[in-house]
Amino acid sequence: AQSVTQLGSHVSVSEGALVLLRCNYSSSVPPYLFWYVQYPNQGLQLLLKYTSAATLVKGINGFEAEFKKSETSFHLTKPSAHMSDAAEYFCAVSDGNYGQNFVFGPGTRLSVLP
Amino acid sequence: DAGITQSPRHKVTETGTPVTLRCHQTENHRYMYWYRQDPGHGLRLIHYSYGVKDTDKGEVSDGYSVSRSKTEDFLLTLESATSSQTSVYFCAISGVEGNTGELFFGEGSRLTVL
C-alpha cells in the first residue's frame, strides 16, 4: 500500500522568499512521484514528476523537487516566491500501474505575502 | 490541455434527487477516473474505468455508480443525492504520457445538495 504525507496544511512565505513544501511517501515498490498545483476554482495541473531518471526534477514555473530515497521524501522548492504561486499543492505517489494505485497527499495551501 | 470536459460545472440540487455528472475526453485514453475533493481530505477516488463497460470501485464508492458506454464518456451518477455528497468532483484520465501513470484533470464540477 502506498501513502503520502504533507507536512503543513498551510504555508505562508513572503514574496521573494524560498518556498519549501514537504512531501514524504510510503511505497513498497519503486515509486513514481508527482506534484500538482491547483489554483482557485480550477482543476489540478501537473507541476513535475519523478520517474526514476534524475533525482532532481525541474518543473514548470521555476519549481523543482528532489527525490531522496533514504529519506522517502520528495520536497518541492522554488528559490523565490511570486504572488502568482499562491495555490494549493498536492504531492502524489504511484506504482506506475493504472487504476487505484495513484494516491494523493492531503495538500498544502501556499500563501504568498507582499 | 488534456482534452477533458466536465458537465455541468455547477449544480444545486435537493436531497433525494438523482444527479448525473458527465466527463468527456478527446484523447481516446483507456483509463478514466472520478474523484471528489473535500477540505481536509484531499482527493479521494470514487470509481474508475479501464475500458468500455469495465469499471471498478475506489475508496469512497458508496452512493455512487458509474457507466462507460463509449471510450470518450464516463458518467458518474448519484442515485439519490445526500448532503454528504456536496463536493467538488473531478474527472481524470491517464495514459497520456508513457507508462508513469500520471493523471490529467478536468476543471471540476461543483455539486451542492440542499
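Note: the structure precedes this text.
Basis of the calculations
Residues numbered from 1 in each chain as written. Chains lettered and ligands numbered in written order. Predicted model: local features only at pLDDT ≥ 70, side-chain atom pairs only at ≥ 80, totals over all residues. Heavy atoms only, no water. Helix = DSSP H or I, 4+ residues; strand = E, 2+ residues; numbered from the N terminus. Disulfide = S-S within 2.5 Å. Buried < 20%, exposed > 50% of the residue type's maximum accessible area, 1.4 Å probe, protein only.

Digging into unusual backbone geometry
Cis geometry marks the peptide bond from Ser7 of chain B to Pro8 of chain B, where omega comes out at -10°. Position of Pro8 of chain B relative to the elements: it lies in the loop between strand 1 (4-7) and strand 2 (10-13). One non-glycine residue, Asn41 of chain A, lies in positive phi territory at about 60°. Structurally, the position occupied by Asn41 of chain A is in the loop between strand 5 (32-38) and strand 6 (44-50). Phi at Asn61 of chain A is positive, roughly 60°, even though this residue is not glycine.

What about the state of the cysteines?
Enumeration over the complete set of coordinates arrives at 2 disulfides over all chains. Paired by a disulfide, Cys23 of chain A and Cys91 of chain A hold their sulfur atoms 1.9 Å apart. Disulfide Cys23 of chain A to Cys91 of chain A: torsion about the S-S bond roughly -60°, handedness left-handed. One end of the pair, Cys23 of chain A, is in the loop between strand 3 (19-21) and strand 4 (24-26); the other, Cys91 of chain A, is in strand 10 (residues 87-94), with 68 residues separating them in the sequence. As far as burial versus exposure is concerned, Cys23 of chain A and Cys91 of chain A are alike and both buried. The residue that forms a disulfide with Cys23 of chain B is Cys91 of chain B, at a sulfur-sulfur distance of 1.9 Å. Its S-S torsion of about -70° marks the bond between Cys23 of chain B and Cys91 of chain B as left-handed, since a negative value means left-handed. Of this pair, Cys23 of chain B sits in strand 3 (residues 19-25) while Cys91 of chain B sits in strand 9 (residues 87-94), and the two are 68 residues apart along the sequence. Overall, Cys23 of chain B belongs to the buried group, its relative accessible area being 0%. A residue is classified by how much of its surface remains accessible, and Cys91 of chain B, at 0% relative accessible area, is buried.

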